[in-house]
Amino acid sequence: MAIFTNAETKLVVQGITGRDGSFHTTQMMEYGTAVVAGVTPGKGGQSFKGPGGKSVPIFNSMDQAVAATGANASVIFVPPPFAAGAIMEAADSGVALVIAITEGVPVLDMARAHAFARDRGARVLGPNCPGLITVGGAKIGILPGSIVTPGPVGVVSRSGTLTYEAVYQLTSVGLGQTTCVGIGGDPLIGTNFIDCLEAFEADPETSAVVMIGEIGGTDEQDAAAFVKEHMSKPVVGFIAGQTAPPGRRMGHAGAIVSGAGGTAAEKMAVLEENGIPVAKRPADIVGLVREALA
Amino acid sequence: MAIFTNAETKLVVQGITGRDGSFHTTQMMEYGTAVVAGVTPGKGGQSFKGPGGKSVPIFNSMDQAVAATGANASVIFVPPPFAAGAIMEAADSGVALVIAITEGVPVLDMARAHAFARDRGARVLGPNCPGLITVGGAKIGILPGSIVTPGPVGVVSRSGTLTYEAVYQLTSVGLGQTTCVGIGGDPLIGTNFIDCLEAFEADPETSAVVMIGEIGGTDEQDAAAFVKEHMSKPVVGFIAGQTAPPGRRMGHAGAIVSGAGGTAAEKMAVLEENGIPVAKRPADIVGLVREALA
Amino acid sequence: MDLHEYQAKERFRAAGIPVPPGEIATTPAGAEKLAEDLGGKVVVKAQVHSGGRGKAGGVKLAANPAEAKAHAAAILGMEIKGLTVHKVLITPAEDIDTEAYVGVLIDRATQAPTFIVSAAGGIDIETVAHETPEKIRKLTVDPRYGLLPHQAYWLADFLYDDPSLIKQTTKIIAQLYDSFVNSGSSMAEINPLITTPSGEVKAIDAKMSIDDNELYRRPEVAAMRDSSSEPPAETLAREAGLSYVKLDGDVGCCVNGAGLAMATMDLVKYYGGAPANFLDIGGSSNPDKVVAALEIITADPNVKSILFNIFGGITRCDDVANGIVEAMSRIDIEQPIVIRLTGTNEEIALKILKDAGFPAYTSMDAVVEEAVKLAKGAEA
Amino acid sequence: MDLHEYQAKERFRAAGIPVPPGEIATTPAGAEKLAEDLGGKVVVKAQVHSGGRGKAGGVKLAANPAEAKAHAAAILGMEIKGLTVHKVLITPAEDIDTEAYVGVLIDRATQAPTFIVSAAGGIDIETVAHETPEKIRKLTVDPRYGLLPHQAYWLADFLYDDPSLIKQTTKIIAQLYDSFVNSGSSMAEINPLITTPSGEVKAIDAKMSIDDNELYRRPEVAAMRDSSSEPPAETLAREAGLSYVKLDGDVGCCVNGAGLAMATMDLVKYYGGAPANFLDIGGSSNPDKVVAALEIITADPNVKSILFNIFGGITRCDDVANGIVEAMSRIDIEQPIVIRLTGTNEEIALKILKDAGFPAYTSMDAVVEEAVKLAKGAEA
């Protein structure tokens, strides 16, 4: 098993005919993800040519795709002006999991879209996230399938390539993963650290969790309190942005130290206080995980 | 007992210092209603002089009034531009019952206000309604206290003076009432016939119900189906507007026959089909109630 | 308040909906000139607040400006369901491939704006809904979110197969919703929404009803009221703060409260008469309102008798009685008047009325029966 | 994107918020003229995207136009936290009774716009929130409903006792929310919101940050960007589609991904060095982006060595390596460059780089250590 996805996951790709959507659909199918449908308004009735001669039907809308295929998850590659609408469409269609890869979605759009998804009972991952990969199962999003290997470690991160780095180092020493989740770097994200930690705690195959945070907000601090109170499994932390100056956005819209709050030093201290060993550099993650599993 | 109100009802009057608000506050207090607070923004700290030397504290806002007095119901006499806001303020303050007397509230404002009240779990009665009177208990709104008398009949109506007429005739022959509810003549009302019928069915003191409908919409038809399926107590009906021409609004914003739907004839037929005897004229209500109670 | 077609089209155009050009003419010569400007082949459309204009001969196709002039001459001044046509809209004749219906109104059951669309446009949507409900798609708009893009698409997708038509219509539906909300509307519809042989989607008829309760905050919409298009009595009633609807009978009714007013009309019929009107004077005992009500009722030449049915309620009956007596002293009325007054202080009220010489009753049935008898007596 | 005070005030004025008049001067003479127009006694305020203007001497009260001229002369050209002042706002000096704080921003925890108000205005709100949280009132706005009237009242009621001040402020708070939403803002604040001895409430300072993701649909806001007020390197980076933040160190960093870029900076410090910048080149292998990144990094005179840290991920490493090699062929660089490339096809990539003469690594630690050593060597 793993978190958020399983053997029953049937995926729709929203924006399947776009440049990113089509490229990553192929990647996901090559990894073995059950991509059952694509959605591009106006292209209903066409089909997407996947790897190995597989063909994916394209629909005009999520309701048509879900009605025809029984899909229960969607991944969103549509451009920013339409991304919040696509998330609401997905939530309205009844899928349980909506993974929004799109970067650059206006935050006020997301405030509404998140409220809508909550009203509809759908889990949103992202936006502006790399998605997730359940090792040996479904890969949804843009995480590279080549760097993971099966094993007992859950990984959750606000970052993309920094996650790859951490996973790559784990894999290179033989520490495999259950699920790797990128929750995204935006200020308003649908699934946060606590949601993932809770799921990893419940997942019988996960024995330890790596949590990769960064400056901005208090998600890591809240997660640390959650770990202390509710988790039996060991968690290892890393925080990026120790050298980031206050008041400046570091790439991610959410990665900004506002006034006195949200610094890396504060987060690292709070993690340690709550019993979460914090790696000083990415290369130290492997050692801490080994200790945790020992 | 009775419906929607009881001995624990503690009422706030929103717009207590206005012409209608102050007049009806006095009337309600004279009837015995526990008016515990008034709200008029900017007049907090003043007090309202009620009958018999009683004084009612005035607050700037509903949250202050509820915090200070433990009020659990409110009645709204504020002008139309502010009425939907007052309903949402009341629902937000935690009162369970919000009775909106104000006539002329824009319907799109009410669509939002009703959604908000549902989200907050507050019952709204009205707007554009005369309120309710629990005979011998609380009178909330503008129904004249002089025409009611205690007894076993519940009355629910979309109309004001037509309700007075029916209640007056019941009282004049000694058929007393439990609670008389005016649900209001607007297209979007918070509490409909079915809500009231359900409450009367559950109220041990009510033995029969008079339901006074009018043209427009399908509330009466829906109520008739409810009566047939869910009620053990007898219901007597009356429908106003048999002579109303199609497409014209008869005073109430909701009293309009649209195309083929919502005529009095249709409603009367549906009531009869569902076992509800329909009075041909107001004077026949008394006789039908007597038969029902026999 | 209903808008004329040309006014609804102005609102729609402002929201970006593709609506063909069109101008108003009030004379045949004006219609001819406009037809010339629009290229000759036009439609001449009566602007009245009434359905069934087409069947009544109020919509005509003109092949050239001379024909437009002739049609305008025939239509201007025409009566359609009691309303006189003062204006015609001159608009180019369009080539039509298909006709659909798109409308949005406030739905009581869901307490929200609700869209109805159908590919069977150009005809009465209620008939379609009743006889072939499978040709209708309905959508409730959650007022907390407004119309969402995928919902507009879902509606458009029901109407057409062609992606370009769906795309255009998705946009039009979103624009219609904006116009609906921004106009303070209770109903807005495009019927028909056409497609042309060149693949364009256009609104060639438009209807909009404004929620009267919105007018105070939408002066630009309130300014669209066209009093010339409604019966003068209704204009007077509105200005006096009364609800009045003219009917075809001969018993004038003056009642406080809409429900009681309807029940009074019904009781007139029950006793074999016919009500001349619906009139709700509200809860006030203000003599000015009573005077206005009586002026409106007596201006109707059909009225043979007048009945008051007042339930005192909170307002004290003696105040109302005094108001009626004072009002009566200010105008002359030929028709017999009978008055029923009951509720708080009714005894004092009845005495006031009797002293002033008016037949006064406490029973609704009695006063209605008497008013019907008086009207019949006047006929005989 | 941060707005200048005068720009935020324009947005606020458009929403109806009472903001005193004010104009921008770019020369001392212009400041003098504006001070004359405004009645003499004015405040001269540096327009830079930085807090702490007051402490830095960027805000001065002038008793007369001559003083305004002198202050403007001192302030124009001044550097505040590395930013040069090109504009001053000249605005009348106000009589102040009380100073409050009113702000709205996007709150991560509630995923909604959140208001913060405090009667302790004029000073840093975070300090107030931290030291005296009882002086703060917070309100989460449900994005499904927007700011409701009673919520605006609840906030205003926390600031004042006087009904007139509460009423004015309730309106200002509602207008601030409208301005926040209609500007596509992530933060809008009035600090201080003052009351005057005559009982008026006014916004005399204004801050607004725009969500960059909103700019595409708000051209009127996007047009407010003042490139002259930001370091030229950041303008270049933005135009090239790169995320760049200048820092004070000497190791230039070029990384793909924001999280990895931060971790790389941190690792530079871990090995005893100091990063010269944050720079995220994104996932592309486009040589143009690499060229732009190198131009920006090398324009910083502090930079002594340059390191690339690229995790191939979905993008193939050989593509990225080819991009780097091509970019290098297009510009001349004095500083030593070390490159780490790992992920898909890394062996091919390393060969490409070595063939082109660049030291190539697969370990992040090794490349960072080397870059720090090179920077220190250059110093020695």
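Conventions we followed
Residues numbered from 1 in each chain as written. Chains lettered and ligands numbered in written order. Predicted model: local features only at pLDDT ≥ 70, side-chain atom pairs only at ≥ 80, totals over all residues. Heavy atoms only, no water. Buried < 20%, exposed > 50% of the residue type's maximum accessible area, 1.4 Å probe, protein only. Helix = DSSP H or I, 4+ residues; strand = E, 2+ residues; numbered from the N terminus. Arc of directions from axis to C-beta. Contact = heavy atoms within 4.5 Å. Buried area = accessible area lost by both parts, 1.4 Å probe. Salt bridge = Lys/Arg side-chain N within 4 Å of Asp/Glu carboxyl O. Polar contact = N/O pair within 3.5 Å; in protein donor to acceptor, adjacent residues only side chain to side chain. Nonpolar A, V, L, I, M, F, W, Y, C, P; charged D, E, K, R; others polar. Domains from an automatic or database assignment. Pairing = 2+ DSSP bridges. Phe/Tyr/Trp six-rings, centres within 6.5 Å; stacked < 30°, edge-to-face > 60°.

Asker: Just checking my understanding: could you explain helix H6 (residues 193-202) of chain B for this structure?
Answerer: Because each turn of an α-helix spans 3.6 residues, side chains separated by three or four positions end up pointing in the same direction. All names here are of chain B. Taken residue by residue, H6 has Phe193, Cys196, Leu197, Ala199 and Phe200 as its buried positions. Viewed along the axis of H6, the buried residues span an arc of 165°, placing them on a single side of the element. Among the structural elements, strand E10 (150-157), strand E11 (177-182), strand E12 (208-214), helix H7 (219-230) and strand E13 (235-240) are those in contact with the buried residues of H6.

Asker: Honestly, the interface of chain D and chain A in this entry has me stumped. Any pointers?
Answerer: One frequent convention defines the size of an interface as the accessible area lost when the parts assemble. Taken residue by residue, the interface counts 47 residues in chain D and 62 residues in chain A. The contact between chain D and chain A buries some 4,000 Å² in all, and 59% of this surface belongs to carbon and sulfur atoms. Counting the contacts that link chain D with chain A gives six salt bridges. With a shortest N-O distance of 2.6 Å, Glu234 of chain D and Arg248 of chain A are connected by a salt bridge. Scanning the region where chain D abuts chain A turns up 18 residue pairs in polar contact (both at pLDDT 80 or more). Breaking the side of chain D that touches chain A down by element, the ones donating at least two residues are strand E7 (98-107), helix H6 (163-182), strand E13 (243-246), helix H9 (258-270), strand E17 (337-342) and helix H13 (364-379) of chain D. Among the elements that take part in the side of chain D that touches chain A, H9 of chain D stands out by supplying 10 residues, more than any other. Here the residues of the side of chain D that touches chain A sort into 22 nonpolar, 11 polar and 14 charged.

Asker: Looking at this model, I keep getting lost on the domain arrangement of chain A. Mind explaining?
Answerer: All names here are of chain A. In terms of domain boundaries, chain A breaks down into domain 1 (10-125) and domain 2 (144-293). Taking only C-alpha atoms into account, the centre of domain 1 sits 27 Å from that of domain 2. Here domain 1 packs against domain 2, burying approximately 780 Å² in sum over the two surfaces, 59% of which is carbon and sulfur. Contact with domain 2 buries area across many residues of domain 1, yet His114, Arg123 and Leu125 alone supply 52% of it, more than any other trio. Connecting domain 1 to domain 2 are one salt bridge. The partner of Asp195 in a salt bridge is Arg123, with the nearest N and O atoms 3.9 Å apart. For the interface between domain 1 and domain 2, the tally reads three residue pairs in polar contact (both at pLDDT 80 or more). At the level of secondary structure, the elements contributing two or more residues to the side of domain 1 that touches domain 2 comprise helix H4 (107-120) and strand E7 (123-125).

Asker: Please explain the environment of Ala233 of chain D as it appears in this structure.
Answerer: Residues and elements named next belong to chain D. Looking at where Ala233 falls in the secondary structure, it is placed in helix H8 (residues 232-239). By relative accessible area, Ala233 is classed as buried at 18%. Here the alpha-carbon distance between Ala233 and Met208, two residues 25 residues apart in the chain, equals 23 Å. Not counting the four nearest positions on each side in its chain, Ala233 is found in contact with Tyr244 and Ile296.

Asker: Hey, could you run me through the interface of chain C and chain A in this one?
Answerer: Contacts between the two partners involve nine residues from chain C and, on the opposite side, 14 residues from chain A. It is Tyr145, His150 and Tyr153 of chain C in chain C that bury the most area against chain A; as a group they hold 55% of the surface buried on that side. Its salt-bridge partner being Arg144 of chain C, residue Asp119 of chain A comes within 3.2 Å of it at the nearest N-O pair. Our count for the chain C to chain A interface comes out at 10 residue pairs in polar contact (both at pLDDT 80 or more). Examining the composition of the side of chain C that touches chain A, we find that five residues originate from one element, helix H5 (residues 149-159) of chain C, more than from any other. When its residues are assigned to classes, the side of chain C that touches chain A shows five nonpolar, two polar and two charged.

Asker: How do you make sense of the domain arrangement of chain C when you look at a structure like this?
Answerer: Split by domain assignment, chain C resolves into domain 1 (22-92), domain 2 (98-222) and domain 3 (231-379). Computed over C-alpha atoms only, the centres of domain 1 of chain C and domain 3 of chain C are separated by 41 Å.

Asker: Hey, could you run me through the pairing of strand E4 (residues 55-59) of chain B in this one?
Answerer: The side chains of a regular strand alternate, first on one face of the sheet and then on the other. Residues and elements named next belong to chain B. Note that strand E2 (residues 35-39) and E4 share two bridges and pair parallel. Residue pairing in the sheet places Gly38 in a bridge with Ile58 of E4. Where strand E3 (residues 47-49) lies against E4, three bridges are found, and the strand directions are antiparallel. From the neighbouring strand, Phe48 faces E4, where its bridge partner is Val56. In sequence, E3 turns back onto E4 through a hairpin of five residues, with Gly52 there showing a positive phi of about 65°.

Asker: Explain the pattern of salt bridges to me, please; I cannot follow it from the model alone.
Answerer: Where charged atoms from two side chains of opposite charge come close, those side chains can pair. Throughout the structure, instances matching the rule amount to 66 salt bridges over all chains. Linked by salt bridges that have partners in common, Asp119 of chain A, Asp119 of chain B, Asp142 and Arg144 of chain C together with Asp142 and Arg144 of chain D make up one network.

Asker: Would you mind showing me how to read the packing of aromatic side chains here?
Answerer: Aromatic ring pairs are reported here in terms of the distance separating the ring centres and the angle at which the planes meet. Evaluated as defined, the whole model comprises 12 aromatic pairs over all chains. An angle of 85° between the planes, with centres 4.9 Å apart, marks the rings of Phe116 of chain B and Tyr145 of chain D as edge-to-face. Here the residue Phe116 of chain B occupies a position in helix H4 (residues 107-120), and Tyr145 of chain D occupies one in the loop between strand E9 (136-140) and helix H5 (149-159), the pair thus bridging two chains. The residues Phe116 of chain B and Tyr145 of chain D share a single accessibility class, namely buried. Both rings, one in Tyr164 of chain B and one in Phe311 of chain C, keep their centres 5.7 Å apart while their planes meet at 65°; by these two values the pair is edge-to-face.

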